[in-house]
Amino acid sequence: MSASRRSGTTDELGPDEPERDGGPEGPGGSDLLAALLDGMDAALCAFDADGVLTHWNREAERILGWTAAEAVGRHGLAGWAVRSADAEEVEGRLMSAMQAPGRQVNEFALLTKDGGRVLVRTQSAAVRGPDGKPAGVYCAFSEVHAQIDLERSIALSEALFEDASWGVVLVDADLRPAVVNAHAARALGTGRTSVLGRPLGELLAQGVEELEAALTHVLAEGAPPAPAEIWVSVRTPEGHLRRCWRSGFLRLASPLTEEPVPLGVGWLFQDVTEAKQIEQEASLLRFRAQQLHRAARAAAECEDPRDAATVHLDFALAGFADHALVDRVVGGSLNDSDGGQVAAVRLVRVAATPTGAPGPSLLTGAAGLPVRYGEGHPALQCVERVGSVRAGIGAAPPEQAREWARARQWPQDAVHALCAVLRSRGRTLGVVTFLRGAGRSQFERSDSIYAEDVAVRIAAALDLAAEAGEKQ
């Protein structure tokens, strides 16, 4: 601890200054000063105008090993805290602070009590008396590596919140952003200050529950062992923007308490939406290619080509659609030269998936009755264009969606449709229609390509069946 008069040494600048008496009820001025000095995180010593050491706190004792009783009262540092060969230079630079404005920063090698050497960084400044003249020097010092560690931590913190190429957000214990870097603000579609203190639900339309659950877990249990990929929808002036953020979490605790007190969570994230989409698309392409391969292998074992057509239909449904229909042109086929008579084309249902319980596709249309498709029906448009047609009801009320499906002769739960033309040997044989319910997304261009691949195989099987029937 810092020395006091009660221990027989001096703890005030000016050894002849009378001691302040705090009385029996409370600490005196010297006791208060000793408590303040001993509570400092930095080592501190002070010299009077003659270079006599007047103060020495606990941190100085910890670093160098010399106690306050051994240090206070010595003249200079030579021979005990500094090598004699270096003493003149060190003491000269320290005492020069009395004549210099502000603080001076230096690095010195000091001696420990056991003979070791410690490189310290010092900050020294003049202490002025009541008349304004220099009365001494105080010097705060710390080990250089500790100072460098502190500076690195500060530099890292500033870099993260200014120049980092990923999002950094400090979330308080109430799960509200307290500090946000520029990258994170852009990802959230707002400014760095406008996001502070707002609930995450005001910034994200989807994914809030998952993100808040992760933050709560980190506050309670600590950081997870690996990053987590969280899909969110960000609210923007243009609408909701769906993104995938690969997120890492760190629990923040105060270093100033004996037991860790959670201050919040450090949340670092990178936008990996494009990479995830490419990965998902590649996985989907592999799955669909495998389905086409499996379907071809299974269809090759069918004696009846019509059964082979339903096999292709069943394999195509997996992960792709909820229902499927196959309609054949009345009369067998439609030549391209008959394009002007498309309006007179009628379609007969030849295969369909069950509308109730799941099961394999069923062959129908034995009676040969045309399906009652109205003018402008997507299946008829598909025949007319000799290309795929997509249709959907969008975000409509359930009753309106059911009526939309009934009017088109589709299962009542259908809200998205994709029609692909059946072509073989330069002729149009019919249409295959894939239907999705409200729980699925609408058909995309990549879905049309897959449907066309399936349609080619179904058309070949139906063409083979018709040819076999003609020969019989």
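Quick caveat, the model's predicted, so the values are computed rather than measured.

(A) Here's a closer look at the pattern of salt bridges. Taken as a whole, this structure holds 21 salt bridges when the rule is applied. Where glutamate 143 meets arginine 62, a salt bridge forms, and the shortest distance between an N and an O atom there is 3.5 Å. On the criterion of sequence distance, the pair formed by glutamate 143 in strand β5 (residues 134-143) and arginine 62 in helix α2 (residues 58-64) is long-range, its members being 81 residues apart. Residue class for glutamate 143 comes out buried when judged on its relative accessible area of 18%. Between arginine 198 and glutamate 202 there is a salt bridge; the shortest N-O distance is 3.1 Å. We classify arginine 198 as partly exposed; its relative accessible area is 26%. Look at glutamate 202 and you get partly exposed, because its relative accessible area is 42%.

(B) Region of the structure containing the packing of aromatic side chains. Counted under the stated rule, the structure contains nine aromatic pairs. When the ring of tryptophan 245 is compared with that of tryptophan 267, the centres are 5.9 Å apart and the planes differ by 55°; the resulting orientation is tilted. Of the two residues, tryptophan 245 sits in strand β10 (residues 239-253) while tryptophan 267 sits in strand β11 (residues 262-271), which places them 22 residues apart along the sequence. Its relative accessible area of 2% is what places tryptophan 267 among the buried residues. Clustering of aromatic rings is evident, with ring pairs tying together Phe320, Phe434, Phe443 and Tyr450. Here the basic side chain of arginine 74 rests over the ring of tryptophan 66, its NZ or CZ set 5.5 Å away from the ring centre. One cation-aromatic arrangement involves arginine 74 over tryptophan 80; the distance from NZ or CZ to the ring centre is 4.8 Å.

Each value, and the rule that gives it
- Residues numbered from 1 in each chain as written.
- Predicted model: local features only at pLDDT ≥ 70, side-chain atom pairs only at ≥ 80, totals over all residues.
- Heavy atoms only, no water.
- Salt bridge = Lys/Arg side-chain N within 4 Å of Asp/Glu carboxyl O.
- Helix = DSSP H or I, 4+ residues; strand = E, 2+ residues; numbered from the N terminus.
- Buried < 20%, exposed > 50% of the residue type's maximum accessible area, 1.4 Å probe, protein only.
- Phe/Tyr/Trp six-rings, centres within 6.5 Å; stacked < 30°, edge-to-face > 60°.
- Lys NZ or Arg CZ within 6 Å of the ring centre and 35° of its normal.

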